[in-house]
Every structure is written in structure tokens, then in C-alpha cells.
Protein chains: 2
Amino acid sequence: MKQYIEENQERFLNELLDLLRIPSVSADSRFRDDMQKAAAYVRESIENAGADRAEIYETAGHPVVYGEKIIDPALPTVLIYGHYDVQPADPYELWESPPFEPVIKNERIYARGACDDKGQFYMHIKALETMLATGNLTCNVKVMIEGEEEIGSSNLGSFVRQHRNILACDTILISDTSIIANDVPSIETGLRGLTYVEVEVTGANRDLHSGVYGGAVANPINVLCEMIASLKDADGHITIPGFYDKVQELSGQERDALNAAPFSLEAYKDELQVADVRGEAGYTTIERTSIRPTLDVNGIWGGYTGEGAKTVLPSKAHAKISMRLVPDQHDDEICELFTRHFESIAPPSVKVKVVPHHGGLPYVTPTSSVEYQAAEKAMEESFGKKPLPTRGGGSIPIVALFEQELGCKSILMGFGLDIDNLHSPNESYGLFNYYKGIETIPLFFKHYAALKK
Amino acid sequence: MKQYIEENQERFLNELLDLLRIPSVSADSRFRDDMQKAAAYVRESIENAGADRAEIYETAGHPVVYGEKIIDPALPTVLIYGHYDVQPADPYELWESPPFEPVIKNERIYARGACDDKGQFYMHIKALETMLATGNLTCNVKVMIEGEEEIGSSNLGSFVRQHRNILACDTILISDTSIIANDVPSIETGLRGLTYVEVEVTGANRDLHSGVYGGAVANPINVLCEMIASLKDADGHITIPGFYDKVQELSGQERDALNAAPFSLEAYKDELQVADVRGEAGYTTIERTSIRPTLDVNGIWGGYTGEGAKTVLPSKAHAKISMRLVPDQHDDEICELFTRHFESIAPPSVKVKVVPHHGGLPYVTPTSSVEYQAAEKAMEESFGKKPLPTRGGGSIPIVALFEQELGCKSILMGFGLDIDNLHSPNESYGLFNYYKGIETIPLFFKHYAALKK
């Protein structure tokens, strides 16, 4: 298969670049048509890879693309999951090249979605093509690529419930995560959950003159800042009552294993150009980004933000706040705790509104599972090195739902790197990683089929 | 003169409406040409009123309009000050009628600048016309209308220094303040000073994925909120070291006099639709908005503020913060104290930048002064009621500068009302107030000339 991949290297890349040229931003309705274009492009690719069927399923939101290749009902079935939607690209001015005009620079593909997740799910389509073209397919394959991952997969739940029979499988293979380094392969055995809310604080019924009313009427921005500040104590612990009640504390042994992963705090700080890191007291940076929950303000706005100075006492202030969750926190429960607490700390001089955006459960795949074993062997074979188990800080809410609805585990075999600038300007994906993924995925199928025998 | 005002009522109004149609927003460079148009309009009005000369003086920023009528060097000279620039009109969507298309509704003029300050300074030009047309001018008159009051009058200082001789006068008459009610006339004997800064907090060198880095890297929005929250304690006292050192504490007697002004807290809360007021412990609402300094965030922004949800850990967060100052606080000194303190409370995980925007000194005119006596008599004659001395919460930085450069006091005889929505959508000015001002101003000249004899 290596030979086939090499022979088709250039085409495999150009097909991805064409996909990256479609600005499929799910969060922004201005890109609705591009979402349709992207879905159509994905459907066609699955068909061209040699699938028996490939279809677009409309949903209440953006469409889901589904395709399959059933070679023998007796063989195990692997469901591939990915998403063709991308994060908004703004701030555009910080991109060195336009986000939707991919360029190759020093062996990397620069574009929004290059890694997250177009580059990563497209590896699977090319791997499928490779397995079929070379007669090496050892499992039945189902491919489901959705268009709402970056906005919480709000319609995928009902889609999966509706099509439980079509999607029936033995395991789910997902490439939407990272490895530690190109010479240090790793597999994510856990993901953090997420609760995302938008808050609004209202003071007076209109914007006021800060001279005439300042000092006597609540300023919703000051109040919002005070409320947000109070959500963490001096040690960086989140102060929402009950927030930590269901957090799984890892054993010293488990924590040691986690911290054994190669990590240089100095290199980390240098790369981010920060003088110091900042997080929950008593935990390492690796732990803070994997086994501990967080609370981050993702956006804030209020009052006059234009050129120059305006002495206004605004009527409203807003913030988008997200919390990353760990086992066994439940997103709905945390959202509820947040809402109740946030409303309770509002002074009587303001009104507060909390609107839940979306959420997802945290997730863990045991290293003892067959899918983990298969992924470990596959990576060991392609990288020449046994991969390390890691815990991811990000969230793929859907994996917990898959377990509920389809009754099987997901394996998070991603090929990205921390330097890929996911969700940031100048997102990129290494050519090495793209081709290494296409090479490794068929090996997963081989070992998975063997282990399931 | 009353008769002349009545006969020209309609023209006096239409001339103001034409001025209000010019969107002279000084803070926003997109309106640069309109600033020129407004200046030209003002110059012409002064000329048409019967001035000896009326000219436009270019500055490093927006032009100053100056005109004068010298009838007898032996007579006292009154300098009229006002500003033709207005606050930005946004948010536009909250205006019931377009901000620069004035409409008359229930006896009020609705437009940006209707009261602040176009409506108020234009009264003086019409009063001048009236005095000249009816042979009632009792003082020499100088008129200086600037175009940068809403952005801190940054170039007026050097203009006044440069033209000290031209501007030489005995007192300065300004209408840019309010009365308590149409049946409760009042004169502002004091103004708060102002220090306005913009702050920037920077975390990592780029926007990050809140899942991958959340919990380990400083979030500049969270940090900015914590820093802003820490600027006040639970009692609403400002925590900046030295902030209150020079604040004049009023005597119990002075405070009683101040609180004697008719004021209903219930009506105040109802009008703003707030369940409670909020301010410094130990002071009444009247005191909080007049004799006490404040700290308000006028604008805040950072991260993703668009539609939907973006799980970004932003690189930067910004805020515009202003402090209202009272005698004897000095704006430069307070700006310095703020900057030093704000930088000192920044955690090592972020970088902080503080950029001073502009400022102004607080100001007081004694009720014993000749100009106050003249204004008191004038209002008593036109309103049929002795005006109350009040302390204003707003800032007209230039009055302190006038005292320094021209060596004379300013008298703040304004005719606005708190319901005029200054700096807010749907700004308005009462027709009663407009005409009452035109009627009262000549009476000030009459009494001032008499008292100076």
C-alpha cells in the first residue's frame, strides 16, 4: 500500500487543498452555501474512494455525509467519524496567507481546517481508497462526516438515534487529536467534556452618561468583571458550588504516568512567549490541560469599543464562557450549577441572563480495549515506536454520545501536533502527518481485524 | 427682547435643526468632513448674529470657531464657550429616529447633540442676535466654539495659550450642564475632572484552542476581569493606593445643602428601570454623582464576540476605563497612580499596556462670585424662582484650563435635563429649555454688567 500512496501523493494532497478552499464555517450563517459545497465535495470523495454508497443527509442544521463499503457482514465494522466544518477564521488580519487559500510552506499545509478536521478526516478517505485499490480492506467501513462539530454537533445526536441501524458498528475510529511529536507517537485515551454558555448583564435600561450617572448606577461591565473574577479563587480553583463533586481524582501512579510524557515547560513558555504559565495550584501543566476541569472566558464585549474615547455607562455587557469537564462531570449538570450560581452572585442592581450554547460529556477509552491495542500496533508499525497513552484537553462531545447510542468505544488516533494552531490564525498541518496518517490507518484495520478474530 | 424671540421662534429652531443635521462626531475620523461643515455653519451663524468678526482657526485636530462683538473696551467682556462636536451615535439601532435627522416630538428636539452641546451653545448665538437686534447688549462678547470637547479638547489648551490676548475676558459663560427640573432651576458650581485610559492585557502570542491550552495558560480576559474587579473593594471604594489622598471631604453642612435638592430615589430607579442603585458605601446618590470620584469601565472587548460559539483562548483583551475626579485630585497624577497600580497587579503570566487617552481637572465656582450672582439673578428673573447651586457629575476639562490661562472663572449656566439622554441613543432637548435659555442669557449680561459697575 505504501507504494500506492507514494504514487498518488500529489493527487492526495491536491484533493485536500480543494476541500480547504471551501470556507465551511458552521458558526456563521453567511457561509451556509459553502457548508453545502463542502458536504457535496466530501460525498463525492467517498464515492470516488470506492464506497458502495455515499449520501448527504439533511438535518435541522448542516448536513451529514454518510457512506459505506460492506465487504462481508461476518467481518468487524469500523465507523469513521470526522467533521467538514471549521472554526471561524477571524481575526483575518493575523493570517500570513488567506485562511481559505491553502499554501504549502516548509513542509506544512497552511489553511483553516488544514488539521482540524479536514486534513485529518480526509486521510481516512484516502486510506479507504488505498485499501480498496490494493485489495487490502480487512473490515467493513462506514464513514460519517458531520458539519456541526465546531458548534456542538447539536443535530448529530438525533441523526445517530434515527439511523442507529445504518451506523451499527464494532468500533469508531476518529482522527481529530494530536500526537506528542513526530518522533513521539501517542494516542488520546481521554477527552474533556464541555459546557459553553453566553451571559448577559443588564444595568440601566439605556446607555448613560458616565459623568451624570457614574458612581451611582451599576456599571454592567464592572459587575460582569467582578462576577467572572469571583468564579475562581486565588489558587485557580473554580468556586461554583458542587463543581468538583464528580471529578475523578487520579492515583499518584496514574498522575506519574501522565507526567512521564516528554514535556519541557521552558520550551512551552518560549513557544507561547509567556513569562509564566497560570493554572490550578497543585497540578502540572500536563495535568491542568488533561485531567482537570477549567473555566475560560472565550469572548467579552460591552460599551464603546470603537476608535477614541466615549464616556458611556453602558446598559449591557456580555461574555461567552466555556468550561472543560473531566470524568465524571456531566455537562448538563455543570451548566445548571453554573447558571444557578451566576444568577445567585448578581447584585440586585443588575439583571442577569444565562443562555446555554452547547456541551458534551468527557470520555475515556481504556488502554486495555481491543481498539486501543490495534491502534497501538498500527502506530508502532508505521512510526517504528510504541505510542504513549495521553489524555486530551479538547472535547469531541460526540464520542460520549456514540457510546450511549451505538454501544461501542471510539479510538482517538489523531496525527496533529500542538504547533498546528487549531482555532487560531495560521492553522497548519504537516505533510509528514498527513501521509503518515494515510499509511497508519490501513494498519489499524489490519490489526483490528486480526485481534477481533 | 421677549417679543423679538417670539417673533423669530420658528427660525431660531430651524437654524438649530440644520446644525443638528451635520454628523459632527469628533471621535471618528470618518466624519472629518462633517466637522469642517459644522465649523463653517457655526462661523456663519456668529457672523449673521451681528458679530464684528467670525473666523475658523485650524488646529492639529478639529477647528475652533471664534467670533466677537466689542462694543466698548470699558465694559466687561464675557467669553462664550461651547462645542459643535458630538458623541458617537452608536448603537444606531436603538434610536427611534435617525440621530442626524432631527424630529420634534412632544415638545422635544430628538437628535444627537440636540442638548450636548449644539442646542445649548446655539442659544447663545441667538441670544447675541437678540441683544444686538434690540439694542440690549451690555457687555463685550467673545464666542469660542470648539470641535474636540467629546474627545478631551486635546488641542484647545495650546489654542487658548496662543490666543490669550484675543480671548482676554472677565468671565466665561458656558451652557453645557443641566437644571434639576423645568420648575427647579439650578446652576452647577462644580464639575468632576476626568482621567480616561485604555488598557491591553496580552497572554500568549496568539489565540489558542481553549481545550488544548485551557487551564494552563493565562486567559487575558479572565485576568483583565480579575484586575478590574480588584480596583474596587466590597464597599465600592477604589483600591488604587493614593487615589483618595487629595479628595476634599465636604462638611456635614455642605453635604446637607447638597442633599436638600429635590430628589426621589424611587423615581430615579423607576426611570432607569433598576431594582437598586449601586455605589460607594456611606454616600447618597446625589453625593456619588457629584462630590465623590468614580471608576467606570466604558468599554471592554476580547476573544470571539461573533455569532455562535468559538472555543478560543484569546491572546489579548482590552478595556477603556475612566475615572471621574473631584477637587483637589489632579488628572495627570491619578492617571499615573492608576497606571503604576494596574501594572503592579498584573500576574507574571501576562503583559499589560496602559495608554492614557485624555483628562481634565475638577472645578468649582464659588456661589459668592459675581458671575454666580449674575446667573442667579438672571435665572430668578426668567424662571421666577431662585436657582439652587448644584455640583455636576460630568466633566468640562477646559474650565480648569481657562482659569489657569485666562485667569477668570467660568459660570456653568446650563439648561438641560437629566432625561435628555446625553451620550445615549435618543438624545433630546426640550423646546422650553431652548427658548428659556435664549431668554435667560441676555438677563445674565444685564445683571453681570450691573454687578461689575
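Being a predicted model, the structure only gives us computed values, none of them experimental.

**Student:** Give me the lowdown on the interface of chain B and chain A, citing residues and values where you can.
**Tutor:** In this assembly, 89 residues from chain B lie in contact with 90 residues from chain A. Summed over both partners, the interface of chain B with chain A buries about 7500 Å², with 50% contributed by carbon and sulfur atoms. Taken together, the links from chain B to chain A amount to four salt bridges. Residues Arg206 of chain A and Glu271 of chain B are paired through a salt bridge, measuring 3.0 Å at the closest nitrogen-oxygen approach. On inspection of chain B and its partner chain A, the count reaches 52 residue pairs in polar contact (both at pLDDT 80 or more). Broken down by element, the residue count for the side of chain B that touches chain A peaks at ten residues, all from strand E11 (residues 294-303) of chain B. Considering only residue class, the side of chain B that touches chain A consists of 35 nonpolar, 33 polar and 21 charged. Where strand E11 (residues 294-303) of chain A meets E11 of chain B, five bridges bridge the pair, whose relative direction is antiparallel. The residue bridging Ile300 of chain A from the neighbouring strand is Gly302 of chain B, located in E11 of chain B.

**Student:** Go over the sheet that holds strand E4 (residues 103-105) of chain B with me, naming the residues and quoting the values.
**Tutor:** All names here are of chain B. Spatially, the three strands line up as an open sheet ordered E4-E5-E18, and their pairing is antiparallel. If you trace the sheet from one side to the other, it starts and ends with E4 and strand E18 (428-430), each paired once. When strand polarity is set aside, the average angle formed by the axes of neighbouring strands in this sheet is 30 degrees. Note: strand E5 (residues 108-110) against E18, three bridges, orientation antiparallel. Considered in E18, the bridge of Ile109 is made with Tyr429. Helix H14 (residues 431-452) rests against E4, E5 and E18 of the sheet, and its axis sits at about 60 degrees to E18.

**Student:** I'd love a proper account of the domain arrangement of chain A, names of residues and values included.
**Tutor:** Residues and elements named next belong to chain A. In terms of domain boundaries, chain A breaks down into domain 1 (2-191 + 362-451) and domain 2 (193-247 + 293-360). At the junction of the two partners, domain 1 supplies ten residues and domain 2 supplies ten residues. Across the domain 1 to domain 2 interface the summed buried area is about 720 Å²; carbon plus sulfur atoms make up 62%. Counting the surface domain 1 buries against domain 2, the share from its top three residues, Pro362, Ser395 and Pro397, is 60%. At the boundary of domain 1 with domain 2, the tally comes to zero salt bridges. Taken together, domain 1 and domain 2 are joined by zero residue pairs in polar contact (both at pLDDT 80 or more).

**Student:** An account of the pairing of strand E9 (residues 193-202) of chain B is requested, with residue identities and associated values reported.
**Tutor:** The two faces of the sheet receive side chains in turn, since in a regular strand these alternate between them. Residues and elements named next belong to chain B. The element E9 is extensively covered by neighbouring structure, given that ten of its ten residues are classed as buried. Where E9 meets strand E13 (residues 316-325), ten bridges bridge the pair, whose relative direction is antiparallel. From the neighbouring strand, Gly193 faces E13, where its bridge partner is Leu325. With nine bridges joining them, E9 and strand E14 (residues 351-360) adopt antiparallel strand pairing. Note that in E14 the partner of Leu194 across the bridge is Gly360.

**Student:** How would you summarise the UniProt feature "domain: Peptidase M20 dimerisation" (unreviewed entry) in chain A if you had to cite specific residues and measurements?
**Tutor:** Following the UniProt record, one finds the feature "domain: Peptidase M20 dimerisation" (unreviewed entry) at residues 190-348 of chain A. Counted over residues 190-348 of chain A, helix gives 28% and strand 23%. Its end C-alpha atoms are 42 Å apart.

**Student:** Could you give an account of the packing of aromatic side chains, with specific residues and numbers?
**Tutor:** Counted under the stated rule, the structure contains 28 aromatic pairs over all chains. The interplanar angle of 90 degrees and the centroid separation of 6.2 Å between the aromatic rings of Phe444 of chain A and Phe445 of chain A together place this pair among those described as edge-to-face. According to the relative accessible area criterion, Phe445 of chain A is buried, its value standing at 1%. Taking the centre distance of 5.5 Å and the plane angle of 10 degrees together, the rings of Phe444 of chain B and Tyr448 of chain B count as stacked. Taken together, the residues Phe444 of chain B and Tyr448 of chain B, both in helix H14 and four residues apart, mark about one turn of the helix. In this pair, the class of Phe444 of chain B matches that of Tyr448 of chain B, namely buried.

About the criteria used
Residues numbered from 1 in each chain as written. Chains lettered and ligands numbered in written order. Predicted model: local features only at pLDDT ≥ 70, side-chain atom pairs only at ≥ 80, totals over all residues. Heavy atoms only, no water. Contact = heavy atoms within 4.5 Å. Buried area = accessible area lost by both parts, 1.4 Å probe. Salt bridge = Lys/Arg side-chain N within 4 Å of Asp/Glu carboxyl O. Polar contact = N/O pair within 3.5 Å; in protein donor to acceptor, adjacent residues only side chain to side chain. Helix = DSSP H or I, 4+ residues; strand = E, 2+ residues; numbered from the N terminus. Nonpolar A, V, L, I, M, F, W, Y, C, P; charged D, E, K, R; others polar. Pairing = 2+ DSSP bridges. Axes fitted to C-alpha atoms, helices over the stretch in contact; angles between N-to-C directions. Domains from an automatic or database assignment. Buried < 20%, exposed > 50% of the residue type's maximum accessible area, 1.4 Å probe, protein only. UniProt positions renumbered as here; feature names shortened; annotations may be inferred. Phe/Tyr/Trp six-rings, centres within 6.5 Å; stacked < 30°, edge-to-face > 60°.

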